[in-house]
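The chain contents come next:
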Amino acid sequence: MARNKLEFPLDAEAYEIICKIGVGVSASVYKAVCLPMNSTVVAIKAIDLDQSRADFDSLRRETKTMSLLSHPNILNAYCSFTVDRCLWVVMPFMSCGSLHSIVSSSFPEGLPENCISVFLKETLNAISYLHDQGHLHRDIKAGNILVDSDGSVKLADFGVSASIYEPVTTSSGTTSSSLRLTDIAGTPYWMAPEVVHSHTGYGFKADIWSFGITALELAHGRPPLSHLPPLKSLLMKITKRFHFSDYEISTSACGKKSNKKFSKAFREMVGLCLEQDPTKRPSAEKLLKHPFFRNCKGVDFVVKNVLQCLSNTEQMFIESHILIKGVDDEEDDEEIVKNRRISGWNFREDDLQLSPVFPTAESDTSEFSPRGGDRIQDKPEGDNVVPTGSEVGLGLSNRNEDAKEQEGEVMGFDRDLVLEKLKLLKKSLEHQRARVLVIIEALSGEKEERNREEELLEMVEKLKIELEAEKMKTLRAEKESVLG
Amino acid sequence: MKGLFKSKPRTPADIVRQTRDLLLYADRSKSLPDLRESKREEKMAELSRNIRDMKSILYGNSEAEPVAEACAQLTQEFFREDTLRLLITCLPKLNLETRKDATQLVANLQRQQVNSRLIASDYLEANLDLMNVLMEGFENMDLALHYGAMFRECIRHQIVAKYVLESEHVKKYFDFIQLPNFDIAADAAATFKELLTRHKSTVAEFLTKNEDWFFTDYNSKLLESSNYITRRQAIKLLGDILLDRSNSAVMTRYVSSRDNLRILMNLLREASKSIQIEAFHVFKLFAANQNKPADIINILVANKSKLLRLLADLKPDKEDERFEADKSQVLREIAALEPRDLA
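If you're wondering where the values come from, they're calculated on a predicted model, not measured in any experiment.

Caption draft 1: The arrangement of the overall build of chain B in detail. If you tally the helices and strands in chain B, you get 20 helices and two strands. A buried classification covers 55% of the 343 residues belonging to chain B. A separation threshold of at least 6 residues defines the contact pool for chain B, and within that pool the share at least 24 residues apart is 71%. Only carbon and sulfur atoms are counted for the fraction: they give 50% of the accessible area of chain B, which is about 15700 Å².

Structure, rendered in structure tokens:
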């Protein structure tokens, strides 16, 4: 079946490097040609094994995954071999780069819906195949969806992917028959709430969430909450302050992007993916049958409408852009080069926003207002339980009728459940603390020295306050429902 | 497909029996060229479905957790006859997806208990020659990852690991882990490590019996390999082996050899910090040995100042209290050494 695979040589001499197209902490990606194969153009990811923090076991799993998966929408490795201290992974060269680079270079306000559906459908095919194989991708985002000039779309980067059939810990010898994972992986803005937070682990549905975020990313040019520092976006998610499905509607209904209209099918599809409760999200297979994908155009359509305008004017730009930027600025080629493992977090984009991890209420509100619009302005002063936490404010300030109705609905829906969840949340503070520590460690590994301890304490303090706020909120809701 | 499976009233044992029949068919089908191609394809598709069904019984699927009773039935029927052998020999005839399913199926079966017995172990004990088949299969690059994964699962059973260690197979790993395909070499390295670390008593027995050739080969082929990744993995594994208490007798002899010390000291000088750090974990055993032979002492004394300087500079990227504690102990040991007359 997969044996029509060409045999690429396992020898550095057989390849001629053309240029570097990206660089990360311990890996670089090159455009190269394979000389004995009619100078076929390839991409070579060179991972510095001495610098790489990843252990061999995870590298082994990644290369194994890449050589055993076989699907038109999945980026395979042709081969991999070591060259001195580097591991070279030879892959097809995808000339248009990632959807992230396409969007940010040519469609900063987002892609048209009829193109989004094409890209998403191809991606969903890949996800459906992966899940069927028992693999979770765990890092789905536009930056990991690569496009070739002929319109072929491939999901890439299995650096943090996991197989439910392969227990990660060899020592304990446990089988993961429960089909759930517990270690934290992914990129904050695209991470599902249960990945950040859950006690029971997460499954395939975490990829569906990231897929939904990716849909919004393609529609708006950036993922929701990306105006926040990544850590905070995580907090928002786990404390359920932010209704992602609202985001899509509110940004299209008001604010400066008001000229963008999306179909009901699209909004509904995204809403399904962004269900807080993973069990309510559809499987990839099911999602493929959603009306949004029913009258989806073929890849020719995006070749004509997206890629050709790229290749005429933008293609050269992207390549040179990446080439120049690759050296001194990793911001844009983050999608081409994934740093090993931890770099999947990619905190770079927010360098500037990082130092005030917990912005004050004022700065926060002003940051919100262009997006949150009327909500914030309508907020009665006294309603804010915690004066400093304006992210708390976002959740509490939905005092306009719509939001109130919705909130009432949520609370009335199952008060016991909410209480139960809050108790869980309380219990999980310690758990989150540990995870936050991991994040902070990852951060401080790449950033200037920061006082970890202090930051951690601050974070715990913050979580406590938020928990209090949640309690108050629940209490009030309880009262309301008693009264009502 | 999952729905399809549910609607069929087949028992797990039925599925195993059907699979066995289909495997027998697949095994023969090459020798029956007159069979219609469409018929053949149909049978192979059915075989693929059956293997996938067995997999979902053992692992569960998105809708259901595995049921212990069904797993036990399946396992029992599977090992009642020679199904594993058939599956292994037919693997080249299966398509990629089915090969992967089959590999996962075989892996899971090794862990299934029936009446609190690992019947896979009993089966393999009576069919140890299957390990030879898997070993040969590994040399076919298209199948290596599948056979390699099955092999690694089978050596979870001590009796099987013992057989492999006592056979000539173990020698092949010195070459396998240096194969140019990284994914295959890494698979071999994982198996090699498993063989030499999982079953403590078996490993200790093997090392005691085979000390001479094993460490000679280990040094020359792996620790002195020109391949960075081979050296790095080998030095790490050596540390794991020697630091295991069950191998203390072997360790004591290892750290009394001047040749071994020379190789370790060279690794300490490597440009790669990862290798240096791992080398330190073995080197410290030479230094900490309270009955150092005179020639070892003399080498250490002769290089005293260089060693002290090198070790003082050696620091892992991450703070590591234990490393620092070990290091200061080694520094003290070496600093206190005086030249000794060779007896």
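Caption draft 2: A look at the overall build of chain A. Within chain A, the secondary structure is distributed over 17 helices and ten strands. Across the 484 residues of chain A, 58% fall into the buried class. Excluding contacts between residues fewer than 6 apart, the proportion of contacts in chain A whose partners are at least 24 apart in sequence is 71%. Element-wise, carbon and sulfur atoms account for 53% of the exposed surface of chain A, whose accessible area totals about 20700 Å².

Caption draft 3: Looking closely at helix 10 (residues 158-166) of chain B. All names here are of chain B. Those residues of helix 10 not exposed but buried are Val-160, Ala-161, Val-164 and Leu-165. On an axial view of helix 10, the arc spanned by its buried residues comes to 135°, and they lie on one face. Elements in contact with the buried residues of helix 10: helix 7 (119-126), helix 8 (129-138), helix 9 (144-154), helix 11 (169-176), helix 12 (182-197) and helix 13 (200-223).

Caption draft 4: Just the packing of aromatic side chains, in detail. Across all of its chains, the model carries 26 aromatic pairs over all chains by this definition. Aromatic side chains Phe-151 of chain B and Tyr-173 of chain B sit 6.2 Å apart centroid to centroid with 40° between the ring planes, which places their arrangement in the tilted category. Taken as a pair, Phe-151 of chain B in helix 9 and Tyr-173 of chain B in helix 11 lie far apart in primary sequence, 22 residues in all. Tyr-173 of chain B matches Phe-151 of chain B in its accessibility class, with the two residues each being buried. Over the ring of Phe-301 of chain A we find Lys-297 of chain A; its NZ or CZ atom is 5.1 Å from the centre of that ring. In this structure, Lys-43 of chain B packs its charged tip against the face of Tyr-25 of chain B, placed 5.1 Å from the ring centre.

Caption draft 5: Region of interest: the sheet that holds strand 2 (residues 27-34) of chain A. Residue and element names in this part refer to chain A. The five strands lie next to each other as 1-2-3-5-4, forming an open sheet whose pairing is antiparallel. With partners counted over all chains shown, the strands left at the sheet margins are strand 1 (15-23) and strand 4 (79-83), one partner each. This sheet shows a mean twist of 30° between the axes of neighbouring strands, independent of strand direction. Judged from the seven bridges that link them, strand 3 (residues 40-48) and strand 5 (residues 86-92) form a sheet pairing that is antiparallel. Paired with Ala-46 across the bridge in strand 5 is Trp-88.

Caption draft 6: Focus on the interface of chain A and chain B. Across the contact, 35 residues belong to chain A and 39 residues belong to chain B. Buried surface at the junction of chain A and chain B, summed over both partners, amounts to about 3200 Å²; 54% is from carbon and sulfur atoms. The tally of links between chain A and chain B comes to one salt bridge. One salt bridge in this structure joins Arg-52 of chain B and Asp-132 of chain A, with 2.8 Å as the shortest N-O distance.

Caption draft 7: Highlighting unusual backbone geometry. Residue and element names in this part refer to chain A. Phi angles above zero are rare outside glycine, and Ser-39 is one such case at about 55°. In this model, Asp-84 sits at a positive phi of 55°, which is unusual for a non-glycine residue. When you line up the elements, Asp-84 lands in the loop between strand 4 and strand 5.

Caption draft 8: Fine view of the sheet that holds strand 8 (residues 145-147) of chain A. Residues and elements named next belong to chain A. In spatial order, the strands read 6-8-9; together these three strands make up an open sheet with antiparallel pairing. Bordering the open sheet on either side are strand 6 (97-98) and strand 9 (153-155), each of which pairs with just one other strand. As paired strands, strand 8 and strand 9 are joined by three bridges and run antiparallel to one another. Bridge pairing in strand 9 links Val-147 to Val-153.

Caption draft 9: Fine view of the UniProt feature "binding site: ATP" (unreviewed entry) in chain A. Residues and elements named next belong to chain A. In the UniProt entry, the feature "binding site: ATP" (unreviewed entry) is given for Lys-45. For Lys-45, the location among the structural elements is in strand 3. For Lys-45, a relative accessible area of 9% translates into the label buried.

Caption draft 10: Representation of the pattern of salt bridges within the structure. Residue and element names in this part refer to chain B. Counted by the stated rule, this structure contains 37 salt bridges over all chains. Residues Glu-81 and Arg-80 are paired through a salt bridge, measuring 3.5 Å at the closest nitrogen-oxygen approach. Residue Arg-80 is classed as exposed on the basis of its relative accessible area of 51%. Residue Arg-156 pairs with Glu-153 through a salt bridge whose shortest N-O separation is 3.9 Å. On the basis of relative accessible area, Glu-153 is assigned to the buried category, the value being 14%. Residues joined by salt bridges that share partners form a network here, namely Asp-14, Arg-17, Arg-20, Glu-77, Arg-80 and Glu-81.

Caption draft 11: Focus on the packing of helix 1 (residues 56-68) of chain A against helix 9 of chain B. Interhelical geometry of helix 1 of chain A versus helix 9 of chain B gives an angle of 135° and a closest axis separation of 12 Å. Compared by their axis directions, helix 1 of chain A and helix 9 of chain B come out oblique. Contacts from Arg-60, Lys-64, Ser-67 and Leu-68 of chain A of helix 1 of chain A reach helix 9 of chain B at Leu-145, His-146, Ala-149 and Arg-152 of chain B. Its residues assigned to classes, the contact of helix 1 of chain A with helix 9 of chain B shows three nonpolar, two polar and three charged.

Caption draft 12: Just the confidence of the model for chain A, in detail. All names here are of chain A. Of the residues in chain A, 53% reach a pLDDT of 70 or more, and the chain-wide mean stands at 68. Below pLDDT 50 for its whole length, residues 167-179 participates in 25 contacts with residues either more than four positions away or in separate chains. Every residue in residues 248-259 scores below 50 in pLDDT, and together they form 15 contacts with partners more than four places removed in sequence or on other chains.

Caption draft 13: Main features of the nonpolar core. Formed by 182 residues in total, the largest nonpolar core has its most connected members in Met-269 of chain A together with Phe-192 and Tyr-218 of chain B. Inspection of this core shows a minimum of three residues originating in each of domain 1 (15-92) and domain 2 (97-349) of chain A. The residues contacting Met-269 of chain A, other than those within four sequence positions of it, are Leu-120, Phe-211, Ala-215, Leu-287, His-290, Phe-292 and Phe-293 of chain A. Judged by nonpolar contacts, the second largest core, of 14 residues, contains Ala-32, Phe-81, Trp-88 and Val-90 of chain A.

Caption draft 14: Quick look at the pairing of strand 4 of chain A. Residues and elements named next belong to chain A. In this sheet, strand 5 lies alongside strand 4 in antiparallel orientation, the contact comprising five bridges. Counted as the bridge partner of Val-83 is Cys-86 from strand 5. Connecting the antiparallel pair strand 4 and strand 5 is a turn made up of two residues, with Asp-84 showing a positive phi of about 55°.

Caption draft 15: Up close: the side chain of Asp-183 of chain B. Topologically, Asp-183 of chain B is positioned in helix 12. Ignoring sequence-local partners within four residues, the contact set of Asp-183 of chain B consists of Thr-63, Lys-64, Ser-67 and Ser-80 of chain A together with Leu-145 of chain B.

Caption draft 16: Local environment of helix 17 (residues 273-288) of chain B. Residue and element names in this part refer to chain B. A rise of 1.5 Å per residue sets the reference length of helix 17, with its 16 residues, at 22 Å; its end C-alpha atoms lie 22 Å apart and thus fit the reference within 8%. Along helix 17, the sharpest kink reaches roughly 30°, centred on His-281. The element helix 17 is extensively covered by neighbouring structure, given that 14 of its 16 residues are classed as buried. One side-chain oxygen of the residue at the start of helix 17 lies 3.4 Å from the amide nitrogen of Ser-274, identifying that residue as Ser-272.

Caption draft 17: Main features of the confidence of the model for chain B. In the predicted model, chain B carries a mean pLDDT of 91, and 94% of its residues have values of at least 70. Predicted confidence in chain B is weakest over helix 1 (residues 2-7) of chain B, with a mean pLDDT of 55, and strongest over helix 10 of chain B, with 97.

Calculation notes
Residues numbered from 1 in each chain as written. Chains lettered and ligands numbered in written order. Predicted model: local features only at pLDDT ≥ 70, side-chain atom pairs only at ≥ 80, totals over all residues. Heavy atoms only, no water. Helix = DSSP H or I, 4+ residues; strand = E, 2+ residues; numbered from the N terminus. Buried < 20%, exposed > 50% of the residue type's maximum accessible area, 1.4 Å probe, protein only. Contact = heavy atoms within 4.5 Å. Areas by Shrake-Rupley, 256 points an atom, 1.4 Å probe, with all protein chains shown as cover. Arc of directions from axis to C-beta. Phe/Tyr/Trp six-rings, centres within 6.5 Å; stacked < 30°, edge-to-face > 60°. Lys NZ or Arg CZ within 6 Å of the ring centre and 35° of its normal. Pairing = 2+ DSSP bridges. Axes fitted to C-alpha atoms, helices over the stretch in contact; angles between N-to-C directions. Buried area = accessible area lost by both parts, 1.4 Å probe. Salt bridge = Lys/Arg side-chain N within 4 Å of Asp/Glu carboxyl O. UniProt positions renumbered as here; feature names shortened; annotations may be inferred. Parallel < 35°, antiparallel > 145°, perpendicular 65-115°, else oblique. Nonpolar A, V, L, I, M, F, W, Y, C, P; charged D, E, K, R; others polar. pLDDT = per-residue confidence, 0-100. Core = buried A, V, L, I, M, F, W, Y, C linked by side-chain atoms within 4.5 Å. Domains from an automatic or database assignment. Expected span 1.5 Å × (residues − 1). Bend = angle between axes of the 7 residues up to and from the residue. Polar contact = N/O pair within 3.5 Å; in protein donor to acceptor, adjacent residues only side chain to side chain.

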